[in-house]
Amino acid sequence: MIREIVRKELLEIFREGRFRVALLTVAILVVTAIGVGRQYYRQVNEQHEAARRNARSEWVSQGSKNPHSAAHYGTYAFKPKYPMSLLDNGVDKYSGVSIYLEAHKRNDAQYMAAQDQTALSRFGDLSPDFILMFMVPLFIILIAFNSVSRERESGTLRVMMSQGISPWKLASGKWLAVFTPVAVLTGLVFLVGGVLLANLEDFGLFSWWPLILLALVYLLYYGVFINVSILVSASVRKSSLAFVLLLGIWILSCLGMPKATSVVADALYPYPTQLEFEEQIAEDKTNGLNGHDPWNAESKKLEAETLQKYGVDSVKKLPFNWDGYLMQKGEEHEAEIYFKHYQVLKEIYQKQSKVYRTSAALSPFLPARFLSMALCRTDYHAHWHFADEAEKYRLMLVGRLNGDMVDNSRTGQWDYRADEKLWRAVPDFAYEPVRYQSIVEANAGHFLVLLAWWVLSGVGMLVAVRQMKVF
Amino acid sequence: MLEAVNLSKSYNGVSALKGVSFKVNKGDIFCLLGANGAGKTTTINLFLNFISPTSGQALINQVDTAQQPLATKKMLAYIPENLMLYPNLTGVENLHYFSALAGRKYPSAELTNYLNEAGLQEVAHHQRVSTYSKGMRQKVGVAIALAKKADVLLLDEPTSGLDPKASNEFAALLKKLSELGVATLMATHDLFRAIETGTHIGIMKEGNLVESMTTDQINHQDLERLYLKHMN
């Protein structure tokens, strides 16, 4: 019986122009967006590859110099662009693509895509995630707002209900009738996206199952909208009122709540400004060990300890290069300062995330948005993972260079030179992205919230259809 | 068989139906007469369980419609004053769908038979209902009722707005169904049809059943006089 309802609903929907126009529009938009996205992805990846090779070859061929000078000369870490960012760009546009790695200083990622664009780009991107997150729910509302109210208005609901159909079956049939075209559309988008991605030259990073998981997240998200649309359509007397109500719900959950939440999160747990952040770090640095200043109080303390440990009375008599040793100790100390301050940022981020997770109870958009970004590896978490790995690499790099100086030269021997052999011996930055397993574990909460939305709105829909007025 | 036992319905304290009792046996056609607002449609809606009674019972084959709404709906067929169908579907598709909802699936030849039996011209079977006249839609409604093989027929002014020929055909169909043992409850304003087609007549006024008789006890003129007496 449910199958018959679905069949009839689909027949009706397809014979009506409204649906065909809407479906065609969404399909054209998505295909265009994926096409444009793929082009952009390839372009970015080529640039990324070229820049990476370039940075390495500059590093290797920097000529012979003091290893610590080489640490100052530095190199770059480039954030890879992930295949699934094609579907959801997340915060990529605002998070920067490369980090300059040098001695004594932890730099932030720079060169964000948003910087390259004019202010006009604020008016919106035609990206698949925009269509999937915002447009498809609208499309659902457009086909479902009157799914019950139209039958009540026209009078077919009386005849239908007189046939002795259970409310449960009616609701399921109506639900599936909206879900089917939406699922077909979503399935097609992900299939096309998947095939395009699998055919990219460097598809090593691509695998199907996170893509399928992402499709499931979206289907769950759409299921919530279908539930709510039918709930409203069954409860409200007039289709026009149902439409206005549903548009209101859409605006609130997709536009209002996310914005309000970010305002609240920022107000409750504000990030320090760039200036404050840098000042705090600078303050800690001046009070601490400075590897470039042997007369600094902390340096003197370390010197005394070291001399005592080796039982000599002058740094010249140490069996290694004291200057290099001091610089490395300074580096390690500064690294701790950076770690401490970045840890503070992360804690703020965690607290803000909690606000977002709480407000997800008010909007299904938020958990879906976070899941989507996380699975596409374009959320802040993925960015931070990269920044942390780059920092680890930076410390390894500087440590290696200072270590070479410590071991292979004498205190005061500032004319010591290392050459390409050493530069080559330092491994290139090989970044391993966050593993999907840990992404899934970290985001299980969002998934549960979305699932709860689906279940509760589904129960609401069943109750509404059960108690609806026939006329 | 259809029975109203002391059936009452009030909305926010205002009584729409005040303890109505009657019985429609197998093969009977019970015609409810009365002004608009007398409670005819309320009575039918109670049998459909579209609304719940304030007190009393609406029974179909001895089963309370308020207790087992789904089971009792399986036994009845309903044709409202203006039977609405899905305009984008054809007559056959509409019949197929509503029959399927009632749990009956027919091959298309059988659907065609029902539509023919209901008097819908064959060319219209595969046209969309949006092109149908009211009479044609009513015929699909009859076909839906026929296909449901219901014991009870609930009709709410089914012939209002039909041309005399269509109205006549409809009456003939009712008689045929009555011969097959269907119990029919029909709300109508058409005194002439009520006498012609019905076996029993009831007159309702302000929520009460004020008169009840069999049609062989009365002729058209007397019925009209009686009706007008109550209305004034």
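Note that the coordinates shown come from a computational prediction; the quantities given were computed from them, not determined experimentally.

Draft legend 1. Layout of the overall build of chain B. Of the regular secondary structure elements, chain B holds 8 helices and 10 strands. Computed over its C-alpha atoms, the radius of gyration of chain B comes to 17 Å, within 12% of the 17 Å expected for a compact globule of 232 residues. For chain B, the C-alpha atoms occupy an extent of roughly 45 × 40 × 30 Å along the three principal directions. Within chain B, the proportion of its 232 residues that are buried is 58%. Across chain B, the fraction of contacts at a sequence separation of at least 24, relative to all contacts at a separation of at least 6, is 68%. Summing over all exposed atoms, chain B offers an accessible surface of approximately 9500 Å²; the carbon and sulfur share of this is 49%.

Draft legend 2. Expanded view of the nonpolar core. Formed by 193 residues in total, the largest nonpolar core has its most connected members in Tyr221 of chain A together with Leu154 of chain B. No other element matches helix H10 (residues 208-235) of chain A, which puts 16 residues into this core. Taken domain by domain, the makeup of this core includes at least three residues from each of domain 1 (1-75 + 151-232) and domain 2 (82-149) of chain B. Leu289, Leu302, Trp322 and Val406 of chain A belong to the second largest nonpolar core, which has 9 residues in total.

Draft legend 3. Examining the pairing of strand E7 (residues 152-156) of chain B more closely. Residue and element names in this part refer to chain B. In terms of burial, E7 is a largely internal element, 5 of the 5 residues being buried. With burial as the criterion, each face of E7 is covered, one bearing Val152, Leu154 and Asp156 and the other bearing Leu153 and Leu155. As judged from the 4 bridges shared by strand E6 (residues 76-79) and E7, these two strands associate in the parallel manner. Across the sheet, the residue bridging to Tyr78 is Leu154, located in E7. As paired strands, E7 and strand E8 (residues 183-187) are joined by 5 bridges and run parallel to one another.

Draft legend 4. Up close: the sheet that holds strand E2 (residues 14-24) of chain B. Residue and element names in this part refer to chain B. The 4 strands are arranged E2-E1-E4-E5 in an open sheet whose pairing can be described as antiparallel. Strand pairing shows two members of the sheet lacking a second neighbour, E2 and strand E5 (63-64), which therefore form its edges. Pairing of strand E1 (residues 2-11) with E2 involves 7 bridges; the strand directions are antiparallel. Bridged to Glu3 within E2 is Lys23.

Draft legend 5. Inspection of the sheet that holds strand E10 (residues 208-214) of chain B at higher detail. All names here are of chain B. Strand order in the open sheet formed by 6 strands is E6-E7-E8-E3-E9-E10, with mixed pairing between adjacent strands. Looking at strand neighbours, the two that pair on one side only are E6 and E10, the edges of this open sheet. Strand-to-strand twist in this sheet, taken as the mean axis angle between neighbours without regard to direction, amounts to 15°. Across the face of the sheet, helix H1 (residues 40-47) comes into contact with strand E3 (29-33), E6, E7, E8 and strand E9 (200-205) while running at roughly 145° to E7.

Draft legend 6. Inspection of the interface of chain A and chain B at higher detail. Across the boundary between the two partners, chain A contributes 25 residues, which contact 30 residues of chain B. Between chain A and chain B lies a buried interface of about 2500 Å² when both sides are counted; carbon and sulfur atoms form 62% of it. Our count for the contact surface shared by chain A and chain B stands at 2 salt bridges. Glu93 of chain B is the partner of Arg15 of chain A in a salt bridge, and the nearest nitrogen-oxygen pair spans 2.8 Å. There are 10 residue pairs in polar contact (both at pLDDT 80 or more) connecting chain A and chain B. At the level of elements, helix H1 (2-15), helix H7 (149-154) and helix H8 (156-162) of chain A are the ones that each hand at least two residues to the side of chain A that touches chain B. No other element matches H1 of chain A, which puts 8 residues into the side of chain A that touches chain B. Looking at the side of chain A that touches chain B residue by residue, the classes come out as 9 nonpolar, 7 polar and 9 charged.

Draft legend 7. Highlighting the pattern of salt bridges. Residues and elements named next belong to chain A. Considering all chains together, one arrives at 31 salt bridges over all chains under this definition. Note that Glu303 and Lys300 form a salt bridge whose closest N and O atoms lie 3.4 Å from each other. Of this pair, Glu303 and Lys300 both sit in helix H13 (residues 297-310), separated by 3 residues, roughly a single helical turn. Overall, the relative accessible area of 32% leaves Lys300 in the partly exposed class. Through salt bridges with shared partners, one network takes in Lys8, Glu9, Glu12, Arg150, Glu151 and Lys174.

Draft legend 8. Structural detail: the domain arrangement of chain B. All names here are of chain B. Taken domain by domain, chain B comprises domain 1 (1-75 + 151-232) and domain 2 (82-149). Using C-alpha coordinates to define each centre, domain 1 is positioned 24 Å away from domain 2. Facing the 13 residues of domain 1 at the interface are 13 residues of domain 2. In this assembly, domain 1 packs against domain 2 so that about 990 Å² is buried in total across both faces, 56% of it on carbon and sulfur atoms. Among the residues domain 1 hides against domain 2, the three largest losses belong to Lys74, Leu162 and Leu173. Together they make up 37% of the total. Linking domain 1 with domain 2 are 2 salt bridges, by the criterion used here. Counting every contact that joins domain 1 to domain 2 gives 4 residue pairs in polar contact (both at pLDDT 80 or more). For the side of domain 1 that touches domain 2, the per-class residue count stands at 6 nonpolar, 2 polar and 5 charged.

Draft legend 9. A look at unusual backbone geometry. Despite not being glycine, Arg377 of chain A shows a phi value in the positive range, around 55°. Here Arg377 of chain A shows up in the loop between helix H15 (365-375) and helix H16 (380-408). A positive phi is found at Glu206 of chain B, a non-glycine position, where the angle reads about 45°. With respect to the element layout, Glu206 of chain B can be found in the loop between E9 and E10.

Draft legend 10. Inspection of the packing of aromatic side chains at higher detail. Under the criterion given, the structure shown has 34 aromatic pairs over all chains. Seen from their ring centres, Phe19 of chain A and Phe139 of chain A are 6.0 Å apart, and the 35° between their planes marks the pair as tilted. Of this pair, Phe19 of chain A sits in helix H2 (residues 17-60) while Phe139 of chain A is found in helix H6 (residues 128-144), placing the two residues 120 residues apart along the sequence. On the basis of relative accessibility, which here comes to 2%, the residue Phe19 of chain A falls in the buried class. Relative to Tyr78 of chain B, the ring of Phe50 of chain B has its centre 6.1 Å away and its plane inclined at 90°; by these criteria the two rings are edge-to-face. Here the residue Phe50 of chain B occupies a position in the loop between H1 and strand E4 (55-60), and Tyr78 of chain B occupies one in strand E6, the gap between them amounting to 28 residues. For the pair Phe50 of chain B and Tyr78 of chain B, one class covers both residues: buried. Linked through ring pairs, Phe190, Tyr218, Tyr221, Tyr222 and Phe225 of chain A together constitute an aromatic cluster.

Rules used throughout
- Residues numbered from 1 in each chain as written.
- Chains lettered and ligands numbered in written order.
- Predicted model: local features only at pLDDT ≥ 70, side-chain atom pairs only at ≥ 80, totals over all residues.
- Heavy atoms only, no water.
- Helix = DSSP H or I, 4+ residues; strand = E, 2+ residues; numbered from the N terminus.
- Rg over C-alpha atoms; globule rule 2.2 N^0.38 Å.
- Buried < 20%, exposed > 50% of the residue type's maximum accessible area, 1.4 Å probe, protein only.
- Contact = heavy atoms within 4.5 Å.
- Areas by Shrake-Rupley, 256 points an atom, 1.4 Å probe, with all protein chains shown as cover.
- Core = buried A, V, L, I, M, F, W, Y, C linked by side-chain atoms within 4.5 Å.
- Domains from an automatic or database assignment.
- Pairing = 2+ DSSP bridges.
- Axes fitted to C-alpha atoms, helices over the stretch in contact; angles between N-to-C directions.
- Buried area = accessible area lost by both parts, 1.4 Å probe.
- Salt bridge = Lys/Arg side-chain N within 4 Å of Asp/Glu carboxyl O.
- Polar contact = N/O pair within 3.5 Å; in protein donor to acceptor, adjacent residues only side chain to side chain.
- Nonpolar A, V, L, I, M, F, W, Y, C, P; charged D, E, K, R; others polar.
- Phe/Tyr/Trp six-rings, centres within 6.5 Å; stacked < 30°, edge-to-face > 60°.

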